[in-house]
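What follows is each chain in one-letter form.
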Amino acid sequence: MDVAAEPRPAGRLCVGGAAFLWWERRAAEPILPAAVWRHRVIALSNAASLTTGALLIAVSSYLPTYVQGVLEHSALVAGFALTAMSIGWPLAATLSGKAMIRFGFRPVAVVGGVFLLVGAAFFVTLIPRHGPVWAALGSFFTGVGMGLATTTFVVAVQSSVDWHTRGVATAANLFMRVLGGTIGAALLGSILNTRLRAHLEAAGIAGAQDPLAEVNRLLDPAQRLSLPAETVARLQEGLALSLKAVYWGTAVLAAVSFALILFLPKKGRETS
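These numbers come from a predicted model, not from an experiment. (Residues numbered from 1 in each chain as written. Predicted model: local features only at pLDDT ≥ 70, side-chain atom pairs only at ≥ 80, totals over all residues. Heavy atoms only, no water.)

Another aspect to go through is the overall build of the chain. Per the secondary structure count, the chain includes 10 helices and 0 strands. Reading the chain from its N terminus to its C terminus gives the helix and strand order α-α-α-α-α-α-α-α-α-α. Taking all 272 residues of the chain together, the buried fraction comes to 45%. Of the accessible surface of the chain, which amounts to about 13,900 Å², a share of 68% is contributed by carbon and sulfur atoms. (Helix = DSSP H or I, 4+ residues; strand = E, 2+ residues; numbered from the N terminus. Buried < 20%, exposed > 50% of the residue type's maximum accessible area, 1.4 Å probe, protein only. Areas by Shrake-Rupley, 256 points an atom, 1.4 Å probe, with all protein chains shown as cover.)

Structure (structure tokens):
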């Protein structure tokens, strides 16, 4: 079979998605009942979970790459920078419970959206001279935003349906977050590869056709020391510029998440 004649991934996604929706509308016990998605709170919460899931995978995947490849710190330091998100997330999730009882889920979600924007701002303004502490701060604020926002999404979804539908509604929300991570990894990874390949080709580096292999040479201290200083500088410059584009993508995702949160209904206490 001619490779060019094979369906593209986007086409397969559209066909598979259409077939899935067609089957779900006719199934006696669908996995994702269409009636659940007609609820405004659920639709907005699920859409925001999709974008926050994409944002989460971007930070988790590419922050260590920046700390190791551009800043030339060890994997241990990169791990600490990323761990800051794991500290902020549970702290914020714990506080969100009491806050929702007092203020309702929407104000808590809005504050979470603000922290996501703050975290994205740290990543967009991240430059080598800021060091790993700046990266860790962005990671921490992103974790706080995720802890506040994602927790309220689940509570909002569960409080919008009856007991018999809560399992399905909760699963749909978690599924959208996972789906967002999958889409985000593919989309932002494509941005990174495209920008990095273009930079390496312009710099005349031989490995431009396999940019990820060149990045791996930067991440390995032994291989980095074996490279000429000029090559290392060009690779780091290209990686920094490419990751900057990725971080602008996370800023867009944070802004979209915040906009979706603002459209949540202005109701009082919806935690029961």
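Following the structure, the description resumes.
Per the counting criterion, the structure on display carries 6 aromatic pairs. Taking the centre distance of 5.8 Å and the plane angle of 65° together, the rings of Phe 140 and Phe 141 count as edge-to-face. Residue classification places Phe 140 among the partly exposed residues on the basis of a relative accessible area of 29%. Members of the aromatic cluster, connected to one another through ring pairs, are Phe 115, Phe 122, Trp 134, Phe 140 and Phe 141. Taking the ring centre of Trp 163 as reference, the NZ or CZ of Arg 166 above it sits at 4.2 Å. (Phe/Tyr/Trp six-rings, centres within 6.5 Å; stacked < 30°, edge-to-face > 60°. Lys NZ or Arg CZ within 6 Å of the ring centre and 35° of its normal.)

Here we come to the confidence of the model for the chain. The predicted model of the chain has a mean per-residue pLDDT of 84, with 86% of residues at 70 or higher. Across the chain, element-level confidence peaks in helix 5 (residues 105-124) with a mean pLDDT of 95 and bottoms out in helix 1 (residues 9-26) with 69. In the predicted structure, residues 268-272 sits below a pLDDT of 50 and forms 14 contacts with residues beyond four places in sequence or in another chain. (pLDDT = per-residue confidence, 0-100. Contact = heavy atoms within 4.5 Å.)

Here we come to helix 4 (residues 75-103). The end-to-end C-alpha distance of helix 4 is 41 Å, a good match for the 42 Å that 29 residues give at a rise of 1.5 Å each. In helix 4, a bend of some 30° at Gly 97 exceeds every other bend along the element. For helix 4, every residue scored as buried is listed here: Ala 78, Ala 81, Ala 84, Met 85, Gly 88, Ala 92, Ser 96 and Met 100. Buried residues in helix 4 make contact with helix 3 (40-70), helix 5 and helix 6 (131-158). Gly 104 lies just past helix 4 and shows a positive phi near 95°. (Expected span 1.5 Å × (residues − 1). Bend = angle between axes of the 7 residues up to and from the residue.)

Looking now at the nonpolar core. If you look at the biggest cluster of nonpolar residues, it comprises 40 residues, and the most contacted ones within it are Tyr 62, Leu 63, Tyr 66, Val 67, Leu 239, Leu 243 and Tyr 247. Mapped onto this core, the elements with two or more residues apiece are helix 3, helix 4, helix 5, helix 6, helix 7 (166-203), helix 8 (211-219) and helix 10 (229-262). Every residue in contact with Leu 63, bar those within four places of it in the chain, is listed here: Ala 58, Ala 81, Leu 82, Phe 123, Ala 135, Ser 139 and Tyr 247. Ranked by size, the runner-up nonpolar core spans 18 residues in total, among them Ala 92, Phe 105, Ala 156 and Leu 260. (Core = buried A, V, L, I, M, F, W, Y, C linked by side-chain atoms within 4.5 Å.)

Let's shift gears to unusual backbone geometry. With a phi angle near 65°, Glu 72 is a residue other than glycine that sits in the positive phi range. Position of Glu 72 among the secondary structure elements: in the loop between helix 3 and helix 4.

Here we come to the environment of Val 59. Position of Val 59 relative to the elements: it lies in helix 3. Considering only alpha carbons, one finds Val 59 and Thr 250, 191 residues apart in sequence, at a separation of 8.0 Å. When residues no more than four places from it in sequence are discounted, the contact partners of Val 59 are Pro 64, Leu 82, Met 85, Phe 123 and Thr 142.

Topologically, Thr 65 is positioned in helix 3. On the basis of relative accessibility, which here comes to 14%, the residue Thr 65 falls in the buried class. Polar side-chain contacts of Thr 65 include one of 3.4 Å to the backbone oxygen of Ser 61. Apart from residues lying up to four places away in sequence, Thr 65 is in contact with Val 70, Val 215, Leu 219, Leu 239 and Leu 243. (Polar contact = N/O pair within 3.5 Å; in protein donor to acceptor, adjacent residues only side chain to side chain.)

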